[in-house]
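Notes for the structure review
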Amino acid sequence: MDPDTFLVLGLIVAAFSVPSIMSALSDGRVPRASAITILIAGALILYAIQSQPGGYAMSQIPDVFVRVMARYVP
C-alpha cells in the first residue's frame, strides 16, 4: 500500500468515529471505543505523512482522496 491509501483510510476512520464520540458523550458514557478508533486513525495519518517524501500540504488532500477513490471505485 502506498502512503496515499493510508492517508485516506485514516481520514475515513476519523470521520466515522466522530458520530460515535458524540453519541457516547450525549448518553453520558465514556467514549472508549471512539478513543481507540481516533488513535488508529491518527496512527494511519501519521504513518502516511512520514512515508510520503515532503509530507502532504492541506491543498493536496482532496486530490489524494479523489486519486485513491478513483483507483478502487469503478
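Structure's up top.
These remarks concern the structure in this document. As the structure is a computational prediction, the values presented were derived from the model and not from experiment. (Residues numbered from 1 in each chain as written. Predicted model: local features only at pLDDT ≥ 70, side-chain atom pairs only at ≥ 80, totals over all residues. Heavy atoms only, no water.)

**Quick word on the overall build of the chain**
Counting its secondary structure elements, the chain contains 3 helices and 0 strands. Taken along the three principal axes of its C-alpha coordinates, the chain extends 40 × 30 × 20 Å. Evaluated residue by residue, the chain yields a buried proportion of 24% over its 74 residues. For the chain, long-range pairs separated by at least 24 residues make up 72% of all intrachain contacts whose partners lie at least 6 apart in sequence. By element, 71% of the accessible surface of the chain is carried by carbon and sulfur atoms, the whole surface being about 5,100 Å². In the chain, 4 positive and 4 negative side-chain charges are present, and the distance between their average locations comes to 9 Å. (Helix = DSSP H or I, 4+ residues; strand = E, 2+ residues; numbered from the N terminus. Buried < 20%, exposed > 50% of the residue type's maximum accessible area, 1.4 Å probe, protein only. Contact = heavy atoms within 4.5 Å. Areas by Shrake-Rupley, 256 points an atom, 1.4 Å probe, with all protein chains shown as cover. Lys, Arg positive; Asp, Glu negative; His and termini not counted. Charge placed at Lys NZ, Arg CZ, Asp CG, Glu CD.)

**Quick word on helix α2 (residues 32-51)**
Under the 1.5 Å per step criterion, the end-to-end length of α2 is 29 Å for 20 residues, consistent within 8% with the ideal 28 Å. If you check which residues of α2 are buried, you get Ser34, Ala41, Leu44, Ile45 and Ala48. Looking straight down α2, one finds its buried side chains confined to an arc of 95°; they lie on one side. α2 presents Arg32, Leu39 and Gln50 as exposed residues on the side facing more than 90 degrees away from its buried surface. Residues of α2 that are buried sit in contact with α1 (3-27). (Expected span 1.5 Å × (residues − 1). Arc of directions from axis to C-beta.)

**Overview of the pattern of salt bridges**
The full count for this structure, using the stated rule, is 3 salt bridges. Salt-bridge contacts for Asp4 lead to Arg67; the nearest nitrogen and oxygen are separated by 3.2 Å. Placement of the pair is Asp4 in helix α1 and Arg67 in helix α3 (residues 61-72), with a sequence separation of 63 residues. Residue classification places Arg67 among the partly exposed residues on the basis of a relative accessible area of 43%. When the shortest N-O distance is used, the salt bridge between Asp27 and Arg29 registers 3.3 Å. For Asp27, a relative accessible area of 53% gives the class exposed. With a relative accessible area of 45%, Arg29 lands in the partly exposed category. (Salt bridge = Lys/Arg side-chain N within 4 Å of Asp/Glu carboxyl O.)

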